[in-house]
Amino acid sequence: MLNEAISMKITPSVKSHINEVDWDNLPFGKVFTDHMLVMDYNNGKWQAPEIMPFGNLSLHPATSAIHYGQSIFEGMKANKSEDGEKVILFRPDLNAKRFKESCERMCMPVIPEDVFVELIRKFTEVESNWIPSREGYSLYLRPFLFATDDFIGIRPSETYKFVIFACPVGAYYSEPVRVKIEEHYTRASRGGVGRAKTAGNYGAALYPAKQGQLQGFHQLVWTDGIEHKYIEESGTMNIVFVINGVLVTPSEESDTILRGTTKRSVIEVAESWGMKVEERQVSVEEVVNGVKDGSISEAFGAGTAATIAHIAKIGFRDEILDLPAIETRTFSNKVQKYLDDLKTGKVEDTFGWCVIV
Ligand code: COI
């Protein structure tokens, strides 16, 4: 079916609950729109997708994703232009590519990238009245895929369910973040699944992250799984530094780091502004010394949910290292505004990144 001009059944919800939403108190990820898109995989092929009223899924207790972890997801955002005329998706092709790579790594059937983008586009169109027009708010889209065989045994499932739902959201972090460099626990090791956006990576991080939260940190900064000497990424976002005026971020060459859309965009924008960018190994020592001697002027997380999250403090062993005041961070403030403006059509999309729904 998937190469035909996707035929899609749309069953509208009987009544929208949009007027019941408290838009002044919008917790991240807790308010859901009226519909979801569901597409099943069975008999060796994808079946016709359907947009239907949002609701619970009914699962067999032996559903293999629950037991054996074949479960992947993406996070992306839709915005409206200032005049409310256009609905804009930001670089959905990168999400489609990463989703495909996650499918492959987790032995799951691939959704062709153009089909993934078209399903997102269609679903966003149906839910477009849920896109908040307030500054700093968006419609967060959550496509995910999980194995549905009711089978006890280790082998790739033969059936899957792909779902897209959406949540209107504001900022994921409401303040600049405090992060702790983690030197004991490991998020991912070489040859593992660190590059895949798979559910287990997040589950495995909960206990270490909780230890950090008990010490007053929002998130951990993961280090490499062999020596804990090199910075990898943070729990909910990639990590970026400005060191002596150069934009520096851990290289994605090892397969332990998620390939983030926001980070890639930050890099490409920086390069277009003539800034020197280095994607390379970044040692813990370099970061700790750089904060102490002032050569690191900015540090931030980059992610779809987190957007640009300024890092205020870095915990390292018994020390808390303070980074420069947020107002002094010329690059991250500028790139944050620029990306926000691109996503809401306030500046011309010279990169060709935006898809108009
Ligand atoms: C995203 O940035 O979209 C993620 O999936 C991270 C999660 C913390 C919401």
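The model shown is predicted, which means the values in this text are computed figures rather than measured ones.

Conventions adopted
- Residues numbered from 1 in each chain as written.
- Predicted model: local features only at pLDDT ≥ 70, side-chain atom pairs only at ≥ 80, totals over all residues.
- Heavy atoms only, no water.
- Helix = DSSP H or I, 4+ residues; strand = E, 2+ residues; numbered from the N terminus.
- Rg over C-alpha atoms; globule rule 2.2 N^0.38 Å.
- Buried < 20%, exposed > 50% of the residue type's maximum accessible area, 1.4 Å probe, protein only.
- Contact = heavy atoms within 4.5 Å.
- Areas by Shrake-Rupley, 256 points an atom, 1.4 Å probe, with all protein chains shown as cover.
- Domains from an automatic or database assignment.
- Buried area = accessible area lost by both parts, 1.4 Å probe.
- Salt bridge = Lys/Arg side-chain N within 4 Å of Asp/Glu carboxyl O.
- Polar contact = N/O pair within 3.5 Å; in protein donor to acceptor, adjacent residues only side chain to side chain.
- Nonpolar A, V, L, I, M, F, W, Y, C, P; charged D, E, K, R; others polar.
- Pairing = 2+ DSSP bridges.
- Right-handed = clockwise from strand over helix to strand, strands pointing away.
- Axes fitted to C-alpha atoms, helices over the stretch in contact; angles between N-to-C directions.
- Parallel < 35°, antiparallel > 145°, perpendicular 65-115°, else oblique.
- Left-handed = near helix turned anticlockwise from the far one by under 90°.
- Near = heavy atom within 4 Å.
- Phe/Tyr/Trp six-rings, centres within 6.5 Å; stacked < 30°, edge-to-face > 60°.

Concerning the overall build of the protein chain
Right, on to step 1. Counting its regular elements, the protein chain contains seven helices and 19 strands.
Right, on to step 2. A compact globule built from 357 residues should have a C-alpha radius of gyration of about 21 Å, and the protein chain, at 21 Å, falls within 12% of that.
Right, on to step 3. Over its C-alpha atoms, taken along the principal directions, the protein chain stretches across nearly 60 × 55 × 35 Å.
Right, on to step 4. Here the protein chain holds 357 residues, and the buried ones make up 52% of them.
Right, on to step 5. Once local pairs closer than 6 in sequence are excluded, the contacts in the protein chain between residues at least 24 apart make up 71%.
Right, on to step 6. Accessible area for the protein chain stands at about 16300 Å²; split by element, carbon and sulfur atoms hold 50% of it.

Here we look at the domain arrangement of the protein chain
Right, on to step 1. Each assigned domain of the protein chain is listed with its residue range as follows: domain 1 (9-169) and domain 2 (177-343).
Right, on to step 2. Using C-alpha coordinates to define each centre, domain 1 is positioned 27 Å away from domain 2.
Right, on to step 3. Taken together, the contact between domain 1 and domain 2 spans 21 residues of the former and 21 residues of the latter.
Right, on to step 4. Among the residues of domain 1 in contact with domain 2, Phe73, Phe90 and Arg98 are the three that bury the most area, contributing 35% of the side total.
Right, on to step 5. Residues Arg91 and Glu268 are paired through a salt bridge, measuring 3.2 Å at the closest nitrogen-oxygen approach.
Right, on to step 6. The interface formed by domain 1 and domain 2 holds 11 residue pairs in polar contact (both at pLDDT 80 or more) in total.
Right, on to step 7. Those elements that provide at least two residues to the side of domain 1 that touches domain 2 are strand 5 (71-73), strand 6 (76-80), strand 7 (87-90) and helix 2 (92-105).
Right, on to step 8. Here the side of domain 1 that touches domain 2 takes six residues from helix 2, the largest share from any one element.
Right, on to step 9. Here the residues of the side of domain 1 that touches domain 2 sort into nine nonpolar, six polar and six charged.

Comments concerning the pattern of salt bridges
Right, on to step 1. Inspection of every chain in the model, using the stated rule, returns 30 salt bridges.
Right, on to step 2. Glu233 serves as the salt-bridge partner of Arg187, at 3.6 Å between the closest nitrogen and oxygen. A residue pair is termed long-range when its members are at least 10 positions apart, and Arg187 in the loop between strand 10 (177-181) and helix 4 (199-214) and Glu233 in strand 12 (residues 231-234) qualify at 46 residues. The same class applies to Arg187 as to Glu233, namely buried.
Right, on to step 3. Lys292 serves as the salt-bridge partner of Glu319, at 3.1 Å between the closest nitrogen and oxygen. Linking Glu319 in strand 18 (residues 319-322) with Lys292 in helix 6 (residues 284-293), this pair joins segments that are 27 residues apart in sequence.

As for the pairing of strand 15 (residues 277-280)
Right, on to step 1. Where strand 14 (residues 246-250) meets strand 15, four bridges bridge the pair, whose relative direction is parallel. Along strand 15, the bridge assignment pairs Val248 with Glu278.
Right, on to step 2. Of the crossover connections in this fold, the one passing from strand 14 over helix 5 (residues 261-272) to the parallel strand 15 is right-handed.

Quick look at the packing of helix 2 against helix 3 (residues 113-126)
Right, on to step 1. At a minimum axis separation of 9 Å, helix 2 and helix 3 run at an interaxial angle of 125 degrees. The angle between the axes of helix 2 and helix 3 places the two elements in the oblique class. Helix 3 is crossed by helix 2, and the crossing has right-handed handedness. Residues Pro92, Asp93, Asn95, Ala96, Lys97, Phe99 and Lys100 of helix 2 lie in contact with helix 3, whose contacting residues are Glu113, Phe116 and Val117.
Right, on to step 2. Along the lines of polarity and charge, the residues of the contact of helix 2 with helix 3 split into five nonpolar, one polar and four charged.

Things to note about the pairing of strand 2 (residues 35-42)
Right, on to step 1. Summarising burial for strand 2: six of the eight residues are buried, a large majority.
Right, on to step 2. Bridge analysis of strand 2 against strand 4 (residues 50-53) gives four bridges, and the strand direction is antiparallel. Bridging from a neighbouring strand, Leu37 pairs with Ile51 of strand 4.
Right, on to step 3. Examined bridge by bridge, strand 2 and strand 9 (residues 160-169) share five bridges and lie antiparallel to one another.

Concerning the site of the ligand
Right, on to step 1. Lining the immediate environment of the ligand, one finds Phe73, Gly75, Tyr140, Arg142, Tyr172, Lys197, Thr236, Thr304 and Ala305.
Right, on to step 2. One of the side-chain nitrogen or oxygen atoms of Lys197 is found 2.9 Å away from an oxygen atom of the ligand.
Right, on to step 3. Within the contact set of the ligand, an oxygen atom lies 2.9 Å away from a backbone nitrogen or oxygen of Ala305.
Right, on to step 4. For the ligand, whose free accessible area comes to 280 Å², the fraction covered by protein is 89%.
Right, on to step 5. Formed jointly, the shell around the ligand draws a minimum of three residues from each of two domains, domain 1 (9-169) and domain 2 (177-343).

As for the packing of aromatic side chains
Right, on to step 1. Under the definition given, this model contains 21 aromatic pairs.
Right, on to step 2. Ring centres of Phe28 and Tyr140 lie 5.4 Å apart, and the angle between their planes is 65 degrees; this geometry places the pair in the edge-to-face category. In this pair, Phe28 sits in the loop between strand 1 (9-10) and strand 2 while Tyr140 sits in strand 8 (residues 138-147), placing the two residues 112 residues apart along the sequence.
Right, on to step 3. Classification of Phe28 as partly exposed rests on a relative accessible area of 24%.
Right, on to step 4. Summarising the aromatic geometry, the rings of Tyr41 and Tyr160 are spaced 6.0 Å apart at their centres and angled 65 degrees between planes, so their arrangement reads as edge-to-face. Taken together, the residues span a long stretch of sequence, with Tyr41 in strand 2 and Tyr160 in strand 9 at a distance of 119 residues.

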